[in-house]
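# Fold and contact review
So the chains spell out like this:
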Amino acid sequence: MKVTLRPFRDDDADAVAEACGDPVIAHYLPFLPQPYTRDDALEFFRRRPEDFAVADPRTDRVLGSVGSTPRGDGTAEVGYWVAPWARRQGVASAALDQFATMLFESGLQRLYLVTALTNGASQRVAVAGGFVREGIARGSTRARDGGWQDTVVWARTAADPSGPSVRVLPDLPGGSLADGVVTLRPIVEEDGPDTYQMRSLPDVSGRSVVGTPVDPAVITRQCAESVSKWLAGQRAEMSIRDAADGSYLGEIALYYAEPALREAMIGYSLTPAARGKGYAARAARLVTAWGFEIGMARMIAGTAPDNIASQRVLEAAGYHREGLQRERLPGPDGTRIDNVQFAKLRPAAT
């Protein structure tokens with residue numbers, strides 16, 4: 001979408017007040033007063049004259065805002081917000097790219113921005129705007145509850161190529177994977193309660209390599225942060241759903257720890273009611289096929305020697321046993337457990 005960047009005018013105040021009173025903006029910009037009034041908007045115009053209104057080039061209506069703050073020699077921090085009536089139209093990425101070009105032409109060398117770990121939409125804007133993820137700034141910004149939260153740091157330099165930054169793990173085609181019986185969708189914050197109920201089961205938590213604390217708040221936050229790990233190319237976490245009614249069956253993930261080798265690992269868990277019906281094997285086949293489609297050469301998985309059910313899932317999904325890795329997995333009370341490794345190779349081109 002094309003946008004116009006221009007200075008704010010007093011007649012924009014009502015639109016800005018309406019936008020900044022939106023719950024999403026209020027959540028991610030906790031320093032804004034709430035309720036946000038027309039007078040607050042006018043004060044913002046006077047205090048931040050260097051910020052630009054993002055406007056519709058046809059109607060001149062305010063769609064959002066973009067601005068920068070100097071952070072040292074040749075460096076500036078950029079920030080933006082988009083009004084609720086303009087979201088999911090490419091407004092933020094178009095404004096950010098246009099604004100970054102302006103700043104580089106003015107002589108700046110490096111731009112950076114920070115996004116909340118849970119703000120997947122803003123992180124997608126950063127990627128679309130050509131910004132590259134640099135890391136996590138721990139406890140770096142205030143949350144609305146008064147606590148401190150981690151943020152993702154993104155940067156773009158004058159020497160970077162134009163266009164979106166490279167993603168290692170793309171989005172699922174059409175937003176999901178499905179075979180008519182199960183549907184796989186990216187995990188989101190709303191999956192927290194179902195995921196907690198499943199992970200809190202002893203036969204699930206006891207076999208978890210990650211060792212996630214069985215705490216509902218922690219698991220819900222991890223679900224909300226899942227998009228950040230996906231965009232970082234670390235892992236693609238998905239819920240497994242019944243294709244007929246959308247009910248929660250479990251979770252499955254692709255872990256991409258070996259990009260130089262083009263090797264990824266899968267892991268999965270099911271609710272008790274979903275077990276023994278072939279759902280895990282279906283989910284494993286879908287994720288494995290997607291892994292090969294996005295360029296993986298090898299897909300691997302592992303189980304404890306006594307986890308016969310999981311081994312049967314992998315065999316049903318076309319994986320072959322490669323061998324036993326002694327004491328590879330963490331066990332209870334500081335012990336170690338052997339790992340039976342399975343693998344599936346990328347099909348030969350025909």
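See the structure printed just above.
Residues numbered from 1 in each chain as written. Predicted model: local features only at pLDDT ≥ 70, side-chain atom pairs only at ≥ 80, totals over all residues. Heavy atoms only, no water.

## Some thoughts on the overall build of the chain
Within the chain, the secondary structure is distributed over 10 helices and 15 strands. The principal-axis extent of the C-alpha atoms belonging to the chain is close to 70 × 45 × 40 Å. Split into buried and exposed, the 350 residues of the chain put 44% on the buried side. With the model as given, the accessible surface of the chain reaches about 17700 Å², and the carbon-plus-sulfur share is 52%. Computed over 40 positive and 43 negative side-chain charges, the inter-centroid distance for the chain is 5 Å. (Helix = DSSP H or I, 4+ residues; strand = E, 2+ residues; numbered from the N terminus. Buried < 20%, exposed > 50% of the residue type's maximum accessible area, 1.4 Å probe, protein only. Areas by Shrake-Rupley, 256 points an atom, 1.4 Å probe, with all protein chains shown as cover. Lys, Arg positive; Asp, Glu negative; His and termini not counted. Charge placed at Lys NZ, Arg CZ, Asp CG, Glu CD.)

## Topic: the sheet that holds strand β11 (residues 248-258)
Strand pairing in a sheet relies on backbone hydrogen bonds. The paired strands run either parallel or antiparallel. If you trace the 8 strands from one edge of the open sheet to the other, you get β8-β9-β10-β11-β12-β13-β15-β14, paired in mixed fashion. Every interior strand has two partners, whereas the edge strands, β8 (177-178) and β14 (320-330), have only one. Alignment of β11 against strand β12 (residues 263-270), held across 7 bridges, turns out to be antiparallel. Residue pairing across strands places E258 opposite E263, the latter belonging to β12. (Pairing = 2+ DSSP bridges.)

## A look at the pattern of salt bridges
For the coordinates displayed, the defined rule picks out 22 salt bridges. The residue E237 makes a salt bridge to R235 at a minimum N-O spacing of 3.3 Å. (Salt bridge = Lys/Arg side-chain N within 4 Å of Asp/Glu carboxyl O.)

## Here we look at the pairing of strand β2 (residues 52-55)
Bridge count for strand β1 (residues 4-7) against β2 is 4 bridges, and the pairing is antiparallel. Bridging from a neighbouring strand, P7 pairs with F52 of β2. Here 4 bridges tie β2 to strand β3 (residues 62-70), and the two strands are oriented antiparallel to one another. Bridging from a neighbouring strand, V54 pairs with G64 of β3.

## Some words on the packing of helix α1 (residues 13-20) against helix α3 (residues 38-47)
Look at α1 against α3: their axes get within 8 Å of each other, and the N-to-C directions meet at 110 degrees. Comparing their axes, α3 and α1 come out roughly perpendicular. Residues A13, D14, V16 and A17 of α1 pack against R38, A41, L42 and F45 of α3. Tallied by class, the residues present in the contact of α1 with α3 amount to 6 nonpolar, no polar and 2 charged. (Axes fitted to C-alpha atoms, helices over the stretch in contact; angles between N-to-C directions. Parallel < 35°, antiparallel > 145°, perpendicular 65-115°, else oblique. Contact = heavy atoms within 4.5 Å. Nonpolar A, V, L, I, M, F, W, Y, C, P; charged D, E, K, R; others polar.)

## Topic: helix α9 (residues 279-293)
Between its first and last C-alpha, α9 extends 21 Å over 15 residues, near the 21 Å set by a 1.5 Å rise per residue. Most of α9 sits inside the fold, with 11 of its 15 residues counted as buried. Among the residues of α9, Y279, A280, A281, A283, A284, L286, V287, T288, W290, G291 and F292 are the ones counted as buried. (Expected span 1.5 Å × (residues − 1).)

## A word on the sheet that holds β1
The strand order across the open sheet built from 7 strands is β1-β2-β3-β4-β5-β7-β6, with neighbouring strands paired in mixed fashion. The strands lining the two open edges of the sheet, one partner per strand, are β1 and β6 (132-142). Put simply, the sheet's adjacent strands are angled 30 degrees from each other on average, direction ignored. Bridge count between β6 and strand β7 (residues 148-157): 7 bridges; the pairing is antiparallel.

## Focus: the nonpolar core
In terms of nonpolar packing, the biggest core is built from 36 residues, with L184, M238, I252, L254 and I266 touching the most fellow members. Elements with a contribution of two residues or more to this core: β9 (182-186), β10 (235-242), β11, β12, α9, β13 (298-303), α10 (308-316) and β15 (336-345). Ranked by residues supplied to this core, first place goes to α9 with 9 residues. With residues up to four places along the chain from it excluded, the contact list for L254 reads L169, Q234, R235, A236, A264, M265, V287, W290, G291, M296 and M299. (Core = buried A, V, L, I, M, F, W, Y, C linked by side-chain atoms within 4.5 Å.)

## Section: the packing of helix α5 (residues 120-128) against helix α8 (residues 216-231)
The packing of two helices is summarised by the inter-axis angle and the distance between the axes. As a packed pair, α5 and α8 sit with axes 9 Å apart at the nearest point and diverge in direction by 15 degrees. It follows that α5 is roughly parallel to α8 by the angle criterion. Our pair here, α5 against α8, has a crossing hand that is right-handed. Contacts between α5 and α8 involve G120, Q123 and R124 from the first element and V227, S228 and L231 from the second. Classifying every residue of the contact of α5 with α8 by side-chain character gives 2 nonpolar, 3 polar and 1 charged. (Left-handed = near helix turned anticlockwise from the far one by under 90°.)

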